[in-house]
Structure formats: structure tokens, C-alpha cells
Amino acid sequence: MLTPVQDEQQAPSANGDKHRIHLFVLIDALGWEYIKERRFLNDLLPYRRPLRTVLGFSSGAIPTILTGEWPSVTMHWNLFYYDPKGSPFRWLKYFRFVPDRIMNCRVTTKVLKEMGKHMLGLGPLFDCCVSASVLRWFNWVERKNIYERGGISGAASIFDHLETNRVPHRVYTYHHWSDAEIIKLVDKDIAAKTAQFYFVYLSEMDMFLHTHCADKKKVDERIAWYEMQLRQIYESARAIDPDATLTIFSDHGMTPISDRYDLMKDVASTGYASPEDYLAVYDSTMARFWFFADEARQDISGVLENTPCGRILSDAELRSLGVFFEDRRFGEVVFLLNPGWIFSKSDFNGPQWMPVGMHGYHPEEDRYSDAIFLTNQEPLTEARTIRDVHECMRRVVVPMS
Ligand SMILES: [Zn+2]
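In what follows, the accompanying structure is described. Predicted model only: the values in this text are computed from it and were never measured.

### Some points on the sheet that holds strand β10 (residues 278-282)
Turning to step 1, where the next piece is worked out: Taken together, the four strands give an open sheet; going across it, the order is β10-β11-β13-β12, and neighbouring strands pair in antiparallel fashion. Because the sheet does not close on itself, it has two edges, and the strands there are β10 and β12 (310-312). Neighbour to neighbour, the strand axes of the sheet diverge by 15° on average, direction disregarded.
Turning to step 2, where the next piece is worked out: Of the strand pairs in this sheet, strand β11 (residues 286-291) and strand β13 (residues 333-337) are connected by four bridges, and their pairing is antiparallel. The partner of A287 across the bridge, within β13, is F335.
Turning to step 3, where the next piece is worked out: Of the strands in this sheet, β10, β11, β12 and β13 are in contact with helix α11 (residues 294-305), which crosses β11 at around 165°.

### Overview of the coordination of the zinc ion
Turning to step 1, where the next piece is worked out: For the zinc ion, the full set of protein donor atoms is D206 (OD), D206 (OD), H210 (NE2) and H359 (NE2), and the range of their distances to it is 2.1 to 2.3 Å.
Turning to step 2, where the next piece is worked out: Note that the zinc ion binds four donor atoms; their angles at the metal cover 56 to 145°, and the shape is irregular.
Turning to step 3, where the next piece is worked out: The sequence pattern describing where the donors of the zinc ion fall on their chain is D-x3-H-x148-H. With D206 and H210 both in helix α8 (residues 204-212) and four residues apart, the pair spans about one turn of that helix. Per residue, the accessibility class of D206 equals that of H210, and both read buried.

### A look at the pairing of strand β1 (residues 22-27)
Turning to step 1, where the next piece is worked out: Buried residues dominate β1, accounting for six of its six residues.
Turning to step 2, where the next piece is worked out: Burial along β1 is two-sided: the residues H22, F24 and L26 and L23, V25 and I27 are all buried.
Turning to step 3, where the next piece is worked out: Judged from the five bridges that link them, β1 and strand β7 (residues 245-249) form a sheet pairing that is parallel. Note on β7: the bridge partner recorded for L26 is F249.

Cut-offs applied
Along each chain, residue indices are assigned from 1 in the same order as the chain's sequence is written. Only residues with pLDDT of at least 70 are given local features in this predicted model, and only at 80 or more are side-chain atom pairs given and counted; all residues enter the totals for whole chains, interfaces and linings. Only heavy atoms go into the side-chain values, all of them from the structure, while hydrogens and water stay out. Should DSSP find at least two bridges between two strands, the strands are taken to pair. Each helix corresponds to a stretch of at least 4 residues labelled H or I by DSSP, and each strand to a stretch of at least 2 residues labelled E; elements are numbered beginning at the N terminus. To get an axis, fit a line to the C-alpha atoms, keeping to the stretch in contact for a helix; angles then go from 0 to 180 degrees between the N-to-C directions. By definition, residues are in contact when any of their heavy atoms lie within 4.5 Å. Here a donor is an N, O or S atom found within 2.8 Å of the metal, or within 3.2 Å if the metal is Na, K or Ca; sites may look incomplete because water is not among the atoms. Sites are called tetrahedral only when four donors show all angles between 85 and 135 degrees, square planar or octahedral only when four or six donors show opposite pairs over 155 degrees and all other angles between 65 and 115, and irregular in any remaining case. Classification of residues uses two cut-offs on accessible area relative to the type maximum, computed with a 1.4 Å probe and protein chains only: under 20% is buried, over 50% is exposed, and between them is partly exposed.

Nothing here speaks to function; it is all geometry.
Take a look at the structure:
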């Protein structure tokens, strides 16, 4: 999303120097494990450390980076939440007699996805990643563009601060361009002195690592490509502002997959009916349940407790991870797989999806989940979690009092 740039004459920089340049680059899924022993801009970015991510996926992690608040505050965690009264798909109840096999077929899913994007106001990124037959119980978190002012419902984001402080800025995301196109645009915009704050979101590393994280040579090559591109834009920035800052960070890492497990089959074998007795949403590493019958709650919880490759997260644990929601909108019971396991069947991906890497594990139990933080500015306080990236960005936007 290209944000309109204000007139430089009328838009004083937060630090009083209109030629200052701050580059903040988010590389999706580039985990600490992939760069800690590789050369990656070490000469330019001497301050380097791993960052703990938040439990979940980019849909929770990126709003945390942008606001400095946990998902329990931003209300952005997984993309779908239980909201039968507010669901944009509640009208699907009139289709409840349509058999599941037709309701959940590819054509229906595609139609619902297009309706969500174009007719129901769910934004261009809406994807139908729960079964269509249960869609009428769920609402969609990312109705607004999270890279714009007011895009995150529960907290102010860096884009709110940029607008409030009238700091000329540019935002680049995959909504419009590929990573290579973004790099070219940033380089051009820096040379044209169009902004002081650049938020550069490079998203393609995520899919690359999902499919190639086990291939050392390919990973070497890809990281070298990013190094070359980022070195180029940094040099362009230095030509304008010799003190230009460059901070590179990620939202989470990527864990090599070692095993698969069919939890859907175990849950189905209890014989309870969905949606009458319970609802379930299966992401790649996490399954979330809502129950409407006590026996179903008891028996399905029993199945989850006896599953050897994962566990139910307690409320205390969810609280400590910043993902506890009083109204249970993201699940009454949250089951998480152990690092390295994925569900062999899930709502998120079809059976043809065979990744070698996955993310969405317990942030404290999996070193591969760690994100990165690399910068040429000595941080005033040490960044420890992805939440701390927000403060680093805010500090260059909001005038110090
Ligand atoms: Zn991913």
C-alpha cells in the first residue's frame, strides 16, 4: 500500500531533519536459526539478536510488531474468530440443508472467497480458510488494511503514529508488489527523497522456507540475494543521509517438519456432530474448539489429552503468552502441536500442500520459532520479543519529550 506522502515543506520530521532516513524491513519468517551462522549484512548491522515471537501465525505476530501490544490487546490473533451474531456469513444458515460435500467443494469455497472480498467488505486479503459449512459461525479479523492508519482495532500502530506526527513515510507490502519490485521501488523513492520513514515488508521468504528450509544451498543463495538487495537500498539511503538507519526484523521463524498427525480423524471418531455438538478450526499446528454439549467437551478433550504429539494450553499459559481472550472468541480449548509436527489434514491447507517447514509452535519451546532483530543503531533498550520492534520504530517517529 502506497501511503500518500505529505509535502516536505509542511511536514517537519520528528527529529527536525527532513533528510533523515529510517529503513525498517520486515522479512517474513526469516528465523534466527537461519542467519545466526550465516553472513547476512554483519558489517552493516552489528547489533544482532534473536527475538521471541508470539504464539500463532503472522496474523497475530505482525499486528504485535506494529503496535507493541499482545494479541489479547490488539484482538488480532488467528484470522477467524467465533462470532455467530456478527458473522458476515450468517445468511449461510439458509443453506444448511446443502450437503457438506457440496458446501465444502472448491467451487463453493471460491465463490464465498470472492463474495467476502468484494461484497461483504472483508478486504482484499480475505481467504476462506475454515470449512464453508461452518463459516456462518465465524467472523474475519483483518477487515481493514493493517498497514494503514486505524487498521488495527485494539491499539494504535506505528502507522497511526506516523500520521499523527506527520512524518513523511512509505509503506510497501505484497498487496501490490513482489519482493524484487518492492526493492526497486524503495531504491527509486529513496533517491527521489520522497520520505523519511520506510516500512518495507518482504513476504516471499515465508513460502520459500516452507518449501526449502531443509536445503542449505538454496537457503544460502536466497539469503545472499536479500543481502545484496538490502545492501543496495542502504547504500542509496546513505547517499542521502550518511546517518541513515537500517533495522531488519522478522515476525517468526521456520521450523523443519519431522512428523504429521491426523487429529481430525481422532476427533471425528468420537462420533459427535459438528456444528450441533462442537465446532473446530484446524490450522497447521493449532486446533481450536468450541463446545455446545458437555459430553462432547469431555470426550473430545479426552482425545486431545491423550494425543502424544501436542497438548491443550491452559488459560494460565495462554495468558502468559498474551493470547488469552475472555470471550473465548479464538477457542474454548486450544490444542497446540509439539515443534516439528503438523496436522496432516487442516482447514488451512489442502492435502496437496506438503511443506518441509512450518511455524506456529510454542515460542518458548522451539528455538526455530525465534525471529530476528538486526540494526545499525545501538538500541536504547534491548529488544527481546517481536513486541519490542514497535518501540524502536516509534522512537524515531514520536518526538522525545
Ligand atoms: Zn508461513
